[in-house]
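So the chains spell out like this:
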Amino acid sequence: MNRQAEIKNNLQIVQDRISVACSNAGRDINEITLVAVTKTFDIKDLEILYSLGIRQFGENRDQEASKKFKELPNDINWHFQGQIQSNKLKSICNWARYIHSVDQLKHAQIISDLSSDSPKSIFIQVSLDNPPESRGGVDPDKLEALAVEVSKLKGVSIEGLMAVAPIDNPGTQAFVNLQRIHNNFKSKFPQARHLSAGMSGDYEMAILHGATHLRIGSSILGNRDHL
Ligand SMILES: *Cc1c(COP(=O)(O)O)cnc(C)c1O
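Residues numbered from 1 in each chain as written. Predicted model: local features only at pLDDT ≥ 70, side-chain atom pairs only at ≥ 80, totals over all residues. Heavy atoms only, no water.

### A word on the pairing of strand 3 (residues 77–80)
- By the alternation rule, side chains of strand 3 split into Asn77 and His79 and Trp78 and Phe80, which are all buried.
- Here strand 2 (residues 56–59) pairs with strand 3 via four bridges, running parallel. Paired with Gln56 across the bridge in strand 3 is Asn77.
- Once the chain exits strand 2 it traverses helix 3 (residues 62–71) before rejoining the sheet at strand 3, and the crossover so formed is right-handed.
- In terms of strand pairing, strand 3 meets strand 4 (residues 98–102) through two bridges, oriented parallel. Considered in strand 4, the bridge of Phe80 is made with Ile99.
- This β-α-β element, strand 3 to helix 4 (residues 89–95) to strand 4, shows right-handed connectivity. (Buried < 20%, exposed > 50% of the residue type's maximum accessible area, 1.4 Å probe, protein only. Helix = DSSP H or I, 4+ residues; strand = E, 2+ residues; numbered from the N terminus. Pairing = 2+ DSSP bridges. Right-handed = clockwise from strand over helix to strand, strands pointing away.)

Structure follows, in structure tokens:
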């Protein structure tokens, strides 16, 4: 199979599985945004995805994403979902429409200062790890205090929460916890409707537990073993 056919086939499988998971969960598929995680993949693969109708791309390295952003059409929504370094934020804010991985007030302040014209959409990353915060994300016990401060900033808008399932416990429990955390969070920050969770290995489970933004890479583009 050529690359175009391979990606088209993979994407169709993922989209079908999303659709089945939505029916099983009794959810409307229109609530779901599929973010194709294109980090490390060649721009040609992104062009193929674009030709197949994909307009949401997820990246985690500023330099790589800036280059792709410049070369691809401007009706793409770019999502930054990597670990944030303060000195990269100025550049990230140039290309990323959504920043999924904010877990420090300091970073939210910088984003806000850079985005005074129109607020930048962010997700606050919450840690599901034990001990918390070992791989990024804020401790769930400190989430509300962080969000209170972030919500005072004029240049950011909290779209929702983001999380990555723990490595040692990829089962349902983490998603049950996450959904509970998100429901509680929405009762205090009603604008934070979205939940960015679910990757290639667990997106169906994420859909069952309220995810709205699925970040899927390898199921669509293959393993990142070309590194
Ligand atoms: C790489 C990455 C993904 C995609 O992972 P796959 O397993 O390839 O689907 C999703 N979210 C984050 C934060 C990532 O870094």
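### Points about the site of the ligand
- Every residue lining the ligand is accounted for by Val37, Lys39, Gln81, Met162, Met199, Ser200, Arg215, Ile216, Gly217, Ser218 and Arg224.
- Gly217 places a main-chain nitrogen or oxygen 2.8 Å from an oxygen atom of the ligand.
- Measuring from an oxygen atom of the ligand, one finds a backbone N or O atom of Ser218 at 2.8 Å.
- About the coverage of the ligand: the protein hides 86% of its 390 Å² of free accessible area.
- Residues belonging to the shell around the ligand are distributed by class as follows: four nonpolar, four polar and three charged. (Near = heavy atom within 4 Å. Polar contact = N/O pair within 3.5 Å; in protein donor to acceptor, adjacent residues only side chain to side chain. Areas by Shrake-Rupley, 256 points an atom, 1.4 Å probe, with all protein chains shown as cover. Nonpolar A, V, L, I, M, F, W, Y, C, P; charged D, E, K, R; others polar.)

### As for the pattern of salt bridges
- Counted under the stated rule, the structure contains 12 salt bridges.
- One salt bridge connects Glu31 with Arg27, and the closest N-O pair in it is separated by 2.9 Å.
- On the accessibility criterion, Arg27 (17% relative accessible area) is buried.
- A salt bridge links Glu149 to Lys152; its shortest N-O distance comes to 3.1 Å.
- Taking relative accessible area as the criterion, Lys152 reaches 56% and is therefore assigned exposed.
- Salt bridges linked by common partners bring Glu59, Arg61, Glu64 and Lys68 together as one network. (Salt bridge = Lys/Arg side-chain N within 4 Å of Asp/Glu carboxyl O.)

### Remarks on the environment of Ile48
- Topologically, Ile48 is positioned in helix 2 (residues 43–51).
- Taking the relative accessible area as the measure of exposure, Ile48 reaches 12% and is therefore buried.
- Considered as a pair, Ile48 and Leu143 are 95 residues apart in the sequence and their alpha carbons are 38 Å apart.
- Apart from the residues lying within four places of it in its own chain, the contact partners of Ile48 are Arg3, Gln4 and Ile7. (Contact = heavy atoms within 4.5 Å.)

### Quick look at helix 3
- Here helix 3 has its buried residues at Asp62, Glu64, Ala65, Ser66 and Lys68.
- Those residues of helix 3 hidden inside the fold are in contact with helix 2, strand 2, strand 3 and helix 4.

### Topic: the layout of surface pockets
- Of the voids in this model, the largest pocket is the one considered here, and its volume is about 510 Å³.
- Contributing to the lining of the largest pocket are 26 residues, with Gln81, Gly82, Gln125, Met162 and Val164 lying nearest its centre.
- Partitioned by chemical class, the residues of the lining of the largest pocket number seven nonpolar, 13 polar and six charged.
- There is about 180 Å³ of room inside the second largest pocket.
- Taken together, Gln15, Ile18, Ile29, Asn30, Ile32, Thr33, Leu34, Ile54, Arg55 and Gln56 make up the full set of residues lining the second largest pocket.
- Of all the secondary structure elements, the ones that give two or more residues to the lining of the second largest pocket are helix 1 (3–25) and strand 1 (33–37). (1 Å grid on protein atoms, 1.4 Å probe; cavity = no way out; pocket = protein on both sides within 12 Å on 5 of 7 lines; lining within 4 Å. Points joined across faces, edges and corners; volume = space filled by probe spheres on them.)

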